[in-house]
Amino acid sequence: MAAALRVTRVTIDLSRNLRRQRFSAAGSPRYFSSSASTGKKELPTVRVPTSAELRLVALRYAIPMVGFGFMDNLVMITAGDAIDQTFGVAFGISTMTAAGFGQCFSDVAGNMSGGMVDAACSRLNLPNHNLTQSQMDLRVTRMCATFGACVGVVTGCLLGMSCLMFMDTDAADRAKRAKELHSVFEHVMSSGKTLFQAERASLFMLDKEKNELWSQVATGAKGIIKVKADAGIIGACVQSGELLNIADAYCDERFNQDVDKETAFHTKSVLAIPVKDEEGAIIGAIEMMNKSKDGSDVAFTTDDENLGRMMASHIKSFIQKLNESTTKKVKA
């Protein structure tokens, strides 16, 4: 990590030309003697910096590290997230691998922006401690400098993490999950459209943490669709856990007409079937829209309802096998 390398360089710089020294036993202010009582020629004593001077040392080492820590975490998170959502989804790269690539970008950015951060800090006109090199070599001074650098880099890293508040951190996971589900359900949904004689077929999965339904498996639609878990007829199906067969969507108060306006699609009949796991908990729902027969718009029948329940059962089995396969990969 660029910030960690910076801390190391600070410590090495402070340790340069270090020689054996000891504090003198008497006198105020305290002084540091470079010689032992061996009869050798004594070197000049070194005054121990005051508390105010030590605070300035810590401050001057902390401020640049705030910049380095901020740049390091900001670049790592944004680059890692971008890699996770693109190459991670396309090639099945894990989130940790994407984070590792993000760290590579962060290290390069840290080396390239080092001069810029130093130049920015020099414009702050921070107060000078006016200590000599001998005073900077004292153990107490080096400890304060290292402590200030550590506080600065931690502060900068925390500030760099603020970008997480404006990012959809689950987007990559949803996209990876959608890719897995797409390969499993694509044939099911296209066949379902034919079997139900429906104009559009959709499969929505429930995200309990965000209380929303999302889908990438929808005939006639592209990209990931997201709706509130209690919105519209599909939301009512998920909330109640019951199959809903609506002959005319516009006559049902639960239907959200704004969706048709946004998508330029006219919904007529709707069949919503909940998908449950082995324990009976809702994990998603199937939605069929606009059944037609011999060119005429008709309502979904009882046979369609039975066929929908059968399809939901098959989807439950697919998801269970997919989850078992994912669990085995994680353990391996």
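Note that the coordinates shown come from a computational prediction; the quantities given were computed from them, not determined experimentally.

About the criteria used
- Residues numbered from 1 in each chain as written.
- Predicted model: local features only at pLDDT ≥ 70, side-chain atom pairs only at ≥ 80, totals over all residues.
- Heavy atoms only, no water.
- Helix = DSSP H or I, 4+ residues; strand = E, 2+ residues; numbered from the N terminus.
- Contact = heavy atoms within 4.5 Å.
- Core = buried A, V, L, I, M, F, W, Y, C linked by side-chain atoms within 4.5 Å.
- Buried < 20%, exposed > 50% of the residue type's maximum accessible area, 1.4 Å probe, protein only.
- Pairing = 2+ DSSP bridges.
- Axes fitted to C-alpha atoms, helices over the stretch in contact; angles between N-to-C directions.
- Left-handed = near helix turned anticlockwise from the far one by under 90°.
- Patch = residues over 30% accessible without salt bridge, like charges linked within 9 Å, V, L, I, M, F, W, Y side chains within 5 Å.
- Areas by Shrake-Rupley, 256 points an atom, 1.4 Å probe, with all protein chains shown as cover.
- Salt bridge = Lys/Arg side-chain N within 4 Å of Asp/Glu carboxyl O.
- pLDDT = per-residue confidence, 0-100.
- Phe/Tyr/Trp six-rings, centres within 6.5 Å; stacked < 30°, edge-to-face > 60°.
- Lys NZ or Arg CZ within 6 Å of the ring centre and 35° of its normal.
- Polar contact = N/O pair within 3.5 Å; in protein donor to acceptor, adjacent residues only side chain to side chain.

Its location among the elements puts Asp-304 in helix α10 (residues 302-331). Beyond its immediate chain neighbours, meaning those up to four positions away, Asp-304 contacts Phe-196, Leu-271 and Lys-291.

Counting residues in each nonpolar core, the largest one holds 18 residues, and the members touching the most others are Phe-196, Leu-271, Val-275, Ile-286, Met-288 and Ile-315. Of all the secondary-structure elements, those providing two or more residues to this core are β4 (198-207), β8 (270-276), β9 (282-293) and α10.

In terms of burial, β4 is a largely internal element, eight of the ten residues being buried. In the sheet, β4 pairs with β9 via seven bridges, with the strands oriented antiparallel. Directly across from Ala-198, in β9, lies its bridge partner Lys-291.

Contact geometry for helix α2 (residues 51-85) and helix α4 (residues 95-122): axes closest at 7 Å, N-to-C directions at 145 degrees. Between α2 and α4 the crossing geometry is right-handed.

Residues Val-154, Leu-158, Met-161 and Leu-164 make up a contiguous nonpolar surface patch of roughly 340 Å² in combined accessible area. One can find Val-154 in helix α6 (residues 139-160).

Bringing the confidence of the model for the protein chain into the picture now. On average, residues of the protein chain score 79 in pLDDT, and 76% of them are at 70 or above. When mean pLDDT is compared element by element in the protein chain, strand β7 (residues 244-246) scores highest at 95, while strand β1 (residues 22-23) scores lowest at 36. Under a pLDDT of 50 for its full length, residues 1-28 has, in the predicted model, 49 contacts with residues more than four places off or in other chains. Across residues 34-38, where pLDDT falls below 50, the model places eleven contacts with residues more than four positions away in sequence or in other chains.

Turning our eyes to something else, we now look at the packing of aromatic side chains. For the coordinates displayed, the defined rule picks out one aromatic pair. Directly above the ring of Phe-265 sits Arg-200, whose terminal nitrogen or CZ lies 4.3 Å from the centroid.

Looking at where His-129 falls in the secondary structure, it is placed in the loop between α4 and α5 (133-136). There is a polar contact of 3.1 Å between the side chain of His-129 and the backbone nitrogen of Leu-131. With sequence-adjacent residues up to four places away left out, His-129 is seen in contact with Glu-53, Leu-56, Val-57, Arg-60 and Met-136.

A word on helix α8 (residues 232-240). For α8, a buried count of seven out of nine residues is recorded, marking the element as mostly surrounded by other parts of the structure. Turning to α8, its buried residues are Gly-232, Ile-233, Ile-234, Gly-235, Ala-236, Cys-237 and Val-238. Directly beyond the C-terminal end of α8, a positive phi value near 75 degrees is found at Gly-241.

Here the focus is the pattern of salt bridges. Taken as a whole, this structure holds four salt bridges when the rule is applied. A salt bridge links Asp-252 to Arg-254; the shortest N-O distance between them is 2.8 Å. On the basis of relative accessible area, Arg-254 is assigned to the partly exposed category, the value being 37%. Among the salt bridges present, the one from Lys-268 reaches Asp-297, with a minimum N-O distance of 2.6 Å. Of this pair, Lys-268 sits in the loop between α9 (257-263) and β8 while Asp-297 is found in strand β10 (residues 296-297), placing the two residues 29 residues apart along the sequence.

Within the chain, Asn-125 stands out as a residue other than glycine whose phi angle is a positive 50 degrees. Position of Asn-125 relative to the elements: it lies in the loop between α4 and α5. When its relative accessible area of 66% is taken as the criterion, Asn-125 is described as exposed. Positive phi, close to 55 degrees, is recorded for Gln-197, a residue that is not glycine. Checked against the element boundaries, Gln-197 lands in the loop between α7 (171-196) and β4. By relative accessible area, which is 38% here, Gln-197 ends up partly exposed.

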